[in-house]
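# Notes for the structure review
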Amino acid sequence: MRALTLIADRKLELADLPDPRPPAAGEVQIRVRAVGLNHLDLWGYRGMAFAKRQKFPLVVGAEAAGEVAAIGPGVNGFSIGDRVVMYGAITCGECKACREGRDNLCEEVPKRGIMGFHIDGFARELINMPARLTIKVPDGVSLRDAACAPIAFATVEHMLFDNAKLQPGEMILVHAGGSGIGTAAIKMAKAIGCTVITTVGDDAKADKAKALGADHVINYRADRFEHEVRKLTGKKGVDVVFEHVGADTFPGSLLALKRGGRLVTCGATSGPSVTFNLMQLFQQQYKIFGSFGASLRNIRASLAKMADGIAPVIDSEFTLGDIEQGLKRLESRQVFGKIIINF
Ligand SMILES: [Zn+2]
């Protein structure tokens, strides 16, 4: 079978790997149809604390959708041809966090690794997965869109609603409104009636972010975003900041929060280290949430939102045949939304 493998930092290669064994008890075999590419697929683990566990070659792809191709013994509830997405880590299913549905806090995952990052991921034609970590895609949702549910959409769902507890009518600042998760955050916040301020890096993206429903768009190259946010909010600041940029924006993000505001972060693409004033943190009574991954429940909720019409923003689609173009596109700064590889 063909697989997209990372053979060195920032270097992907199409490889020919042996097909997997037939699915074991409790497993289903999935024919992968669409993989959502994330920047990490290309960058390796730049700036990430878990860099040491990287191995080459590594099958990339942290989120994907496909069809059930074979069913192992003892599996109920799946038929051949069912359209599915898969959880991105092999949780134990037994620890306290797993039993409580907090799958992304499973005690075993730090040892076992995240698929596509530490261990082989989904960018391959066939994969065996435990049936309990396989989720059916609702009718009316394409596999292309569903491929964005396990990470891009579910991460945002977990950040906004489990961690920041975003409420209808609140004001939120969404950083990098043209990114895969930024576009999802704008749509989900607008869908519950929030006012959305977003940052982008150029004017073309500003128009696209407005078209998604963002109420105010700040070009962070032209203006200090924290000053603009304070102007837009009558000096009060926003209720919630959606962070994933890191070093370049984090101190300003705190200044953009209102008293008692919440900041939720899932990334540090511009760098992982920042300095901020602890007096500001406690006097302003800020709440800061670190968020990583999502639960199976978040993935189901994401798919349900897609079925209700909140579609992911797809920048472009490629096949394995024109993968080089896809990677160039991913590296460019023009990307707006998700890049999908169709198998
Ligand atoms: Zn567990």
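Every value quoted in this text rests on a predicted model; they were computed, and no experiment measured them.

## A word on the overall build of the protein
Counting its regular elements, the protein contains twelve helices and 16 strands. A principal-axis box enclosing the C-alpha atoms of the protein has dimensions of 60 × 45 × 40 Å. Taking all 343 residues of the protein together, 54% fall into the buried category. When the accessible area of the protein is evaluated, it comes to approximately 14900 Å², of which 52% is carbon and sulfur surface. Between the mean site of the 43 positive side-chain charges and the mean site of the 37 negative ones, the protein shows a separation of 5 Å.

## Digging into the pairing of strand β7 (residues 126–130)
Where burial is concerned, most of β7 is hidden: five out of the five residues are buried. As defined by bridge partners, strand β3 (residues 27–37) adjoins β7 across five bridges and the pair is classed as antiparallel. Across the sheet, V28 pairs through a bridge with M129, a residue of β7.

## So, the coordination of the zinc ion
Around the zinc ion, the protein contributes the donor atoms C92 (SG), C95 (SG), C98 (SG) and C106 (SG), which lie 2.3 to 2.4 Å from the metal centre. The site at the zinc ion holds four donor atoms, and with the angles between them running 100 to 118°, its shape is tetrahedral. Donor residues for the zinc ion sit on one chain with the sequence pattern C-x2-C-x2-C-x7-C. Of the two residues, C95 sits in the loop between β6 (83–86) and α2 (96–99) while C106 sits in the loop between α2 and α3 (109–112), which places them eleven residues apart along the sequence. Considered together, C95 and C106 belong to a single accessibility category, that of buried residues.

## Considering the pattern of salt bridges
Inspection of the entire model under this criterion finds 19 salt bridges. Residue E108 is joined to R112 by a salt bridge in which the shortest nitrogen-to-oxygen separation is 3.9 Å. Between R224 and E226 there is a salt bridge, and its shortest N-O distance comes to 2.9 Å. The exposure class of E226 is buried, given its relative accessible area of 7%. What emerges from the salt-bridge pattern is a single network uniting K96, E100 and R102.

## Looking at the nonpolar core
Ranked by internal contacts, the top residues of the largest apolar core, which has 93 residues, are L160, I172 and F242. If you tally residues by element for this core, the top one is helix α5 (residues 149–163), at eight residues. Setting aside anything within four residues of it in sequence, one finds F242 in contact with V156, M159, L160, I172, L173, V174, H175, I181, G182, A185 and V264. Core analysis: the next-biggest nonpolar cluster, separate from the first, contains 14 residues, I197, V229, V241 and Y286 among them.

## Quick word on the packing of aromatic side chains
A complete count under the given rule lists one aromatic pair for this structure. Both rings, one in F250 and one in F276, keep their centres 5.8 Å apart while their planes meet at 35°; by these two values the pair is tilted. Of this pair, F250 sits in helix α9 (residues 250–255) while F276 sits in the loop between β13 (257–265) and α10 (278–283), and the two are 26 residues apart along the sequence. A residue is classified by how much of its surface remains accessible, and F250, at 9% relative accessible area, is buried. A cation over a ring is seen here: K136 above F78, with NZ or CZ 5.6 Å from the ring centre.

## Considering the sheet that holds strand β2 (residues 11–16)
Sheet architecture is open: three strands sit in the order β2-β1-β4, paired in antiparallel fashion. Taken across any chain shown, the strands that pair with only one partner, and hence form the sheet edges, are β2 and β4 (58–59). One ladder, built from two bridges, connects strand β1 (residues 2–8) with β4; its direction is antiparallel. Paired with T5 across the two strands is V59, which belongs to β4.

## Some points on the side chain of T199
In this structure, T199 sits in strand β10 (residues 195–200). For T199, a relative accessible area of 2% puts it in the buried group. Apart from residues no more than four positions distant in its own chain, T199 is found in contact with L173, V174, H175, A176, G177, I218, Y220 and F225.

## Digging into the packing of α5 against helix α11 (residues 296–307)
For any two helices packed against each other, the geometry comes down to the angle between their axes and how far apart the axes lie. At a minimum axis separation of 8 Å, α5 and α11 run at an interaxial angle of 105°. Considering their axes alone, α5 and α11 lie roughly perpendicular with respect to each other. Seen from α5, the contacting residues are A149, P150, F153, A154, E157, H158, F161 and D162; seen from α11, they are R297, N298, I299, A301, S302, L303, K305 and M306. Considered class by class, the residues forming the contact of α5 with α11 number nine nonpolar, three polar and four charged.

## A short note on the sheet that holds strand β11 (residues 216–219)
Overall, parallel pairing links the six strands, which are arranged β11-β10-β9-β12-β13-β14 in an open sheet. Since the sheet does not close on itself, it has two edges, and those belong to β11 and β14 (287–290), each with one partner. Taken over all neighbouring pairs, the strand axes of this sheet differ in orientation by 15° on average, direction set aside. In this fold α5 packs onto β9 (171–174), β12 (238–243), β13 and β14, with an angle of close to 150° to the strand it touches most, β12.

Reading the values: rules and limits
- Residues numbered from 1 in each chain as written.
- Predicted model: local features only at pLDDT ≥ 70, side-chain atom pairs only at ≥ 80, totals over all residues.
- Heavy atoms only, no water.
- Helix = DSSP H or I, 4+ residues; strand = E, 2+ residues; numbered from the N terminus.
- Buried < 20%, exposed > 50% of the residue type's maximum accessible area, 1.4 Å probe, protein only.
- Areas by Shrake-Rupley, 256 points an atom, 1.4 Å probe, with all protein chains shown as cover.
- Lys, Arg positive; Asp, Glu negative; His and termini not counted.
- Charge placed at Lys NZ, Arg CZ, Asp CG, Glu CD.
- Pairing = 2+ DSSP bridges.
- Donors = N, O, S within 2.8 Å, 3.2 Å for Na, K, Ca; no water.
- Tetrahedral: all angles 85-135°; square planar, octahedral: opposite > 155°, others 65-115°.
- Salt bridge = Lys/Arg side-chain N within 4 Å of Asp/Glu carboxyl O.
- Core = buried A, V, L, I, M, F, W, Y, C linked by side-chain atoms within 4.5 Å.
- Contact = heavy atoms within 4.5 Å.
- Phe/Tyr/Trp six-rings, centres within 6.5 Å; stacked < 30°, edge-to-face > 60°.
- Lys NZ or Arg CZ within 6 Å of the ring centre and 35° of its normal.
- Axes fitted to C-alpha atoms, helices over the stretch in contact; angles between N-to-C directions.
- Parallel < 35°, antiparallel > 145°, perpendicular 65-115°, else oblique.
- Nonpolar A, V, L, I, M, F, W, Y, C, P; charged D, E, K, R; others polar.

By themselves, these are just geometric observations and shouldn't be taken as functional.
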